[in-house]
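This is what each chain is made of:
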Amino acid sequence: MRSGSVAAIDLGATSGRVVVGRVADAAVRLQIVQRFENNPVRHWEGTTEALHWNLLEQYRSIRIGLRAALRQEGELHSIAVDSWGVDYGLLRDGALLGNPYHYRDERTARGMRATHELISPEALYAVSGLQVIPINSLYQLADDRLAGRLAAGDCALLIPDLITYWLTGRLVAERTNASTTGLLDVRTREWATDLLERLSLPRDLFPELVEAGTPVGALLPGLAEEIGAQIPVHTVGSHDTASAVVGLPAVGDDFAYVSCGTWALVGVETEHPVLTDAGRRENFTNEGGVDGRTRYLKNIMGLWLQSESIRTWEHAGRQIDLTALLAEAAALPGGAHFDANDPRLLAPGDMPARIAQCCAEAGQPVPQTPAQFVRAINESLADAFAAAVHAAAALSGKEVRVVHIAGGGSQNALLCQLAADRLGLPVIAGPVEATAMGNVLVQARATGLPSGSLDSLRAIVAASAPTRRFEPRTH
Ligand code: LRH
């Protein structure tokens with residue numbers, strides 16, 4: 001195997017990073033060279049305040065990170081971008097028309113109502129195979145259409161495609177992330193033109209679809225000069241979850257995964273979409289994976305429940321030390337259980353108050369202290385993970401013998417142990433940076449550094465990343 005370095009730009013809902021991946025001797029070493037916060041901003045929009053991403057600030061940090069990465073490595077074989085799904089920027093004549101909306105903005109409810117007046121959720125599922133969840137791009141686009149914003153634009157770019165465009169000047173839509181829009185035909189993996197027409201969304205708003213691992217182009221000349229070299233840009237699984245699923249240290253086929261960050265994406269990898277009525281009713285989704293695989297999964301609220309609770313406490317003047325809080329929560333004999341996927345928990349705001357209400361409604365003891373809340377969150381996430389893994393296995397017919405928990409949540413031993421207990425299966429925790437790992441491996445493969453199937457890429461992960469195993473405890 002040849003050796004060399006690539007740079008992964010990995011944007012998450014709470015932070016972004018530029019990560020160098022050094023590939024050599026069938027192993028990868030990751031190093032975060034630049035980490036930056038991602039702080040959404042609310043601002044007034046005529047009649048209401050709306051929640052937006054501060055994407056220019058992200059882009060500024062990316063450029064600083066790329067320059068630092070090149071200076072450190074001397075040579076970079078490639079750059080590629082991944083981010084959270086569903087959100088997009090509208091452009092006209094190549095210029096961004098405004099800060100992209102955040103999927104937690106309340107407009108999604110309006111867009112969902114308007115969309116379902118035109119086409120039923122069942123009919124949507126029959127085309128896209130996607131679960132009904134308000135954040136999906138098609139609902140956001142419906143709101144843009146009704147507000148007249150869509151008519152002003154001539155192109156919609158998902159966040160990683162927008163960054164790639166700013167790096168190279170080329171407009172593409174990478175397929176794994178395009179699958180989170182709700183506008184891709186799950187069978188042909190092309191834009192669903194009939195659906196677009198029924199939703200009054202112009203077909204030419206959406207660029208040419210490309211696979212993960214496609215060379216997009218070189219850095220724009222001014223940018224190459226600023227960063228210090230001309231570097232090729234590739235696509236990867238630009239939906240962060242698609243990259244995370246590549247970046248699992250999985251051996252064989254009998255695994256399920258929880259990609260656990262702000263969201264927890266829980267499911268299995270399949271060769272083909274699973275398009276059953278039972279799956280639709282359970283709100284399972286068929287998202288596009290790298291190398292044509294399907295990610296058959298469910299979105300669970302994830303660490304958002306914890307981070308938004310901490311934000312609420314800190315806002316009220318409390319000092320929170322997460323490590324100490326988790327230790328305190330782990331020492332409690334147990335905790336309340338609530339539905340971690342209650343839609344009322346989606347929006348920003350006072351999370352502990354909403355969790356208290358959910359617990360009370362479920363007839364559970366209402367948490368009083370931060371440690372009790374954190375325990376209840378972790379208990380309830382573990383319940384939701386176990387239910388989703390068992391449902392994914394039953395609905396897809398896949399045998400699951402081990403569950404990989406990757407991403408930030410893999411560092412939370414309480415959560416991993418509770419999940420193993422609830423699942424009755426071993427949990428392998430790690431890597432923390434599974435998304436960056438998957439991003440690095442797919443672009444490195446595109447440049448000919450490693451070669452081979454997803455299995456061989458995952459063998460590289462297994463050889464490279466530290467993991468921790470949790471056995472289910474029997475009581
Ligand atoms: C996770 C994720 C998830 C959802 C949400 C918007 O970061 O990409 O898969 O799509 O963010």
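Given the structure is predicted, the values throughout are model-derived calculations rather than measurements.

1. Focus: the pairing of strand E6 (residues 79-83)
Line of reasoning, step 1. With 5 of its 5 residues buried, E6 lies for the most part within the structure.
Line of reasoning, step 2. Side chains Ile-79, Val-81 and Ser-83 of E6 all project onto a buried face; the interleaved residues Ala-80 and Asp-82 project onto the opposite face, where all are buried too.
Line of reasoning, step 3. The pairing of E6 with strand E13 (residues 232-234) spans 2 bridges and is parallel. If you follow Ala-80 over to E13, its bridge partner there is His-234.

2. Remarks on the sheet that holds E13
Line of reasoning, step 1. Reading across the sheet, the 6 strands line up as E3-E2-E1-E6-E13-E12 and stay open at both edges, with mixed pairing between neighbours. Lying at the two open borders of the sheet, with one neighbouring strand each, are strand E3 (27-37) and strand E12 (215-218). Recorded for the sheet is a direction-independent mean angle of 25° between the axes of neighbouring strands.
Line of reasoning, step 2. Packed on one face of the sheet, helix H6 (residues 159-168) meets strand E1 (4-11), E6, E12 and E13 and runs near 155° to E6.
Line of reasoning, step 3. On top of the sheet, helix H17 (residues 434-446) reaches E1, strand E2 (15-24), E3, E6, E12 and E13; it is set at about 135° to E1, its chief contact.

3. Thoughts on the UniProt feature "domain: Carbohydrate kinase FGGY C-terminal" (unreviewed entry) in the chain
Line of reasoning, step 1. Here the UniProt-annotated "domain: Carbohydrate kinase FGGY C-terminal" (unreviewed entry) positions come out as residues 256-446.
Line of reasoning, step 2. Here residues 256-446 is 47% helix and 16% strand, with 26 Å between the C-alpha atoms at its ends.

4. Details of the environment of Ala-330
Line of reasoning, step 1. One can find Ala-330 in helix H13 (residues 322-331).
Line of reasoning, step 2. Ala-330 sits 42 residues away from Gln-372 along the chain, and the two C-alpha atoms are 9.5 Å apart.

5. Structural notes on the site of the ligand
Line of reasoning, step 1. Within the structure, the ligand sits among 15 residues, and Trp-84, Gly-85, Val-86, Thr-241 and Trp-263 are positioned closest to it.
Line of reasoning, step 2. Looking at which domains feed residues into the shell around the ligand, each of domain 1 (4-234) and domain 2 (251-430) gives three or more.

6. Considerations on the nonpolar core
Line of reasoning, step 1. Residues Phe-385 and Ala-419 are the most contacted members of the largest nonpolar core, which totals 137 residues.
Line of reasoning, step 2. For this core, the leading source of residues is helix H15 (residues 370-396), giving 13 residues.
Line of reasoning, step 3. Here this core gathers at least three residues from each of two domains, domain 1 (4-234) and domain 2 (251-430).
Line of reasoning, step 4. Setting aside chain neighbours within four positions, we find Ala-419 in contact with Ala-382, Phe-385, Ala-386, Ile-405 and Val-427.

7. Some words on the domain arrangement of the chain
Many structure descriptions define interface size as the accessible area lost when the parts assemble.
Line of reasoning, step 1. Under the domain assignment, the chain is made up of domain 1 (4-234) and domain 2 (251-430).
Line of reasoning, step 2. One C-alpha centre belongs to domain 1, the other to domain 2; they are set 25 Å apart.
Line of reasoning, step 3. Contacts between the two partners involve 18 residues from domain 1, matched on the other side by 18 residues from domain 2.
Line of reasoning, step 4. The residue makeup of the side of domain 1 that touches domain 2, split by class, is 7 nonpolar, 7 polar and 4 charged.

8. So, unusual backbone geometry
Line of reasoning, step 1. A cis amide bond links Gly-430 with the next residue in sequence, Pro-431, at an omega value of 0°.
Line of reasoning, step 2. Among the structural elements, Pro-431 can be located in the loop between strand E19 (427-429) and H17.
Line of reasoning, step 3. Despite not being glycine, Asp-25 has its phi angle at roughly 50°, a positive value.
Line of reasoning, step 4. The residue Asp-25 is located in the loop between E2 and E3 in this model.
Line of reasoning, step 5. Notably, Ser-200 is not glycine yet its phi reads approximately 55°, a positive angle.
Line of reasoning, step 6. Checked against the element boundaries, Ser-200 lands in the loop between helix H8 (193-198) and strand E11 (209-210).
Line of reasoning, step 7. C-beta crowding within 10 Å serves as the criterion here: with 12 such atoms nearby, Ser-200 is assigned to the exposed category.

9. Section: H17
Line of reasoning, step 1. Between its first and last C-alpha, H17 extends 18 Å over 13 residues, near the 18 Å set by a 1.5 Å rise per residue.
Line of reasoning, step 2. Burial runs high along H17: 13 of the 13 residues are buried.

10. Observations concerning the sheet that holds strand E9 (residues 155-158)
Line of reasoning, step 1. Read across the sheet, 3 strands follow the order E8-E7-E9 without closing on themselves; strand pairing throughout is antiparallel. Lying at the two open borders of the sheet, with one neighbouring strand each, are strand E8 (95-96) and E9.
Line of reasoning, step 2. Note that strand E7 (residues 88-92) and E9 share 4 bridges and pair antiparallel. Across the sheet, residue Tyr-88 finds its bridge partner in E9, namely Leu-158.
Line of reasoning, step 3. Seen against the sheet, H6 touches E7 and E9 and runs at an angle of roughly 105° to E9.

Procedures and definitions
- Residues numbered from 1 in each chain as written.
- Predicted model: local features only at pLDDT ≥ 70, side-chain atom pairs only at ≥ 80, totals over all residues.
- Buried ≥ 20, exposed ≤ 12 C-beta atoms within 10 Å, placed from the backbone.
- Helix = DSSP H or I, 4+ residues; strand = E, 2+ residues; numbered from the N terminus.
- Pairing = 2+ DSSP bridges.
- Axes fitted to C-alpha atoms, helices over the stretch in contact; angles between N-to-C directions.
- Contact = placed C-beta atoms within 7 Å.
- UniProt positions renumbered as here; feature names shortened; annotations may be inferred.
- Near = placed C-beta within 6 Å.
- Domains from an automatic or database assignment.
- Core = buried A, V, L, I, M, F, W, Y, C linked by C-beta atoms within 7 Å.
- Nonpolar A, V, L, I, M, F, W, Y, C, P; charged D, E, K, R; others polar.
- Expected span 1.5 Å × (residues − 1).

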